[in-house]
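So you can see what is in the structure, the chains are spelled out below.
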Amino acid sequence: METRSAEETREFASALAKAARAGDRIALLGPLGAGKTQFAKGFAAGLGVREVVNSPSFTLMTEYAGRLPLFHQDLYRLAGAEEAIGGGMVDERQLDGVTLTEWAERLPGEIDPGRLTVQIAVLADDGRQVVVIPGADDHLRYVDAAAEWAAR
């Protein structure tokens, strides 16, 4: 999908959140300034989160209440998987909600299997290309939600 503004990225993410189920883990990938936090804000809104969602760079993980609990993680400041695991970034509470992980490439897929990957790239015209990559057959509901948003 392509989005043309931060607002449109949030709208797209909000549409995807309607497909969310407890236990989903979503890896957000993209360069600095690509819109990962904007995506997280929109996803949170789609889950009914009423709090302001900010980048959790300094807190590493923030939990929000919505239709499902949202665990918003940011691994930017971590050196690798060992620090993420040692810092409690993966725990059983997350089975009851949805976990969005910015800079998820620092938590390899082998440690976080079956996650949905969302890659965000900056386009030449300052738009964004957002690619949704299912990590399991069950994630096709996100692909369907993306297609439904695109057809609006």
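Details of the structure are given in the entry above.
What you see is a predicted model; the values in this text were computed from it and never measured.

Asks: Could you give an account of the overall build of the chain, naming the residues involved and the relevant values?
Replies: The helix and strand inventory of the chain stands at 4 helices and 7 strands. Put simply, the chain runs from its N terminus to its C terminus through helices and strands in the order β-α-β-α-β-β-α-β-β-β-α. Long-range contacts, defined as pairs at least 24 residues apart, comprise 65% of the intrachain contacts of the chain with a sequence gap of at least 6. Here the chain has roughly 7,400 Å² of accessible surface; of this, 53% comes from carbon and sulfur atoms.

Asks: Describe in detail the sheet that holds strand β5 (residues 98–102), supporting the description with residues and values.
Replies: Ordered by their spatial adjacency, 7 strands build an open sheet running β1-β7-β6-β2-β5-β4-β3, and the pairing between neighbours is mixed. The open sheet terminates on both sides in strands that have one partner only, identified here as β1 (2–3) and β3 (61–64). Where β1 meets strand β7 (residues 128–133), 2 bridges bridge the pair, whose relative direction is antiparallel. Each bridged residue has a counterpart across the sheet, and for Glu 2 the counterpart in β7 is Gln 129. Sitting on the sheet, helix α2 (residues 36–46) is in contact with β2 (25–29), β4 (70–74), β5 and β6 (116–122), with an inclination near 165 degrees to β5.

Asks: Tell me about helix α4 (residues 140–150), residues and numbers included.
Replies: The α-helix advances 3.6 residues per turn, and as a result positions three or four apart in sequence lie on the same side. Buried within α4 are the following residues: Arg 141, Tyr 142, Ala 145, Ala 146 and Trp 149. All buried residues of α4 project into a common sector of 145 degrees when viewed along the axis, lining one side. Facing away from the buried surface of α4 by more than 90 degrees, the exposed residues are Asp 144 and Glu 148. Elements that come into contact with the buried residues of α4 comprise β1, α1 (6–17), β2, α2, β6 and β7.

Asks: Please set out the nonpolar core residue by residue, giving values where relevant.
Replies: Grouped together as the largest cluster of nonpolar side chains are 31 residues, with contacts concentrated most on Leu 16, Ile 26, Phe 39, Phe 43 and Tyr 142. Counting only elements with at least two residues in this core, the list comes to α1, β2, α2, β5, β6, β7 and α4.

Asks: Could you give an account of the pattern of salt bridges, naming the residues involved and the relevant values?
Replies: Inspection of every chain in the model, using the stated rule, returns 7 salt bridges. Measuring nitrogen to oxygen at the nearest pair gives 2.5 Å for the salt bridge that ties Arg 4 to Asp 125. Within this pair, whereas Arg 4 is found in the loop between β1 and α1, its partner Asp 125 is found in the loop between β6 and β7, the two being separated by 121 residues in sequence. In this structure, Arg 21 and Asp 138 form a salt bridge, with 2.8 Å as the shortest nitrogen-oxygen distance. In this pair, Arg 21 is assigned in the loop between α1 and β2 and Asp 138 in the loop between β7 and α4, connecting sequence segments 117 residues apart.

About the thresholds
Residues numbered from 1 in each chain as written. Predicted model: local features only at pLDDT ≥ 70, side-chain atom pairs only at ≥ 80, totals over all residues. Heavy atoms only, no water. Helix = DSSP H or I, 4+ residues; strand = E, 2+ residues; numbered from the N terminus. Contact = heavy atoms within 4.5 Å. Areas by Shrake-Rupley, 256 points an atom, 1.4 Å probe, with all protein chains shown as cover. Pairing = 2+ DSSP bridges. Axes fitted to C-alpha atoms, helices over the stretch in contact; angles between N-to-C directions. Buried < 20%, exposed > 50% of the residue type's maximum accessible area, 1.4 Å probe, protein only. Arc of directions from axis to C-beta. Core = buried A, V, L, I, M, F, W, Y, C linked by side-chain atoms within 4.5 Å. Salt bridge = Lys/Arg side-chain N within 4 Å of Asp/Glu carboxyl O.

So, to be careful, I would describe these as geometric facts and stop short of saying anything about function.
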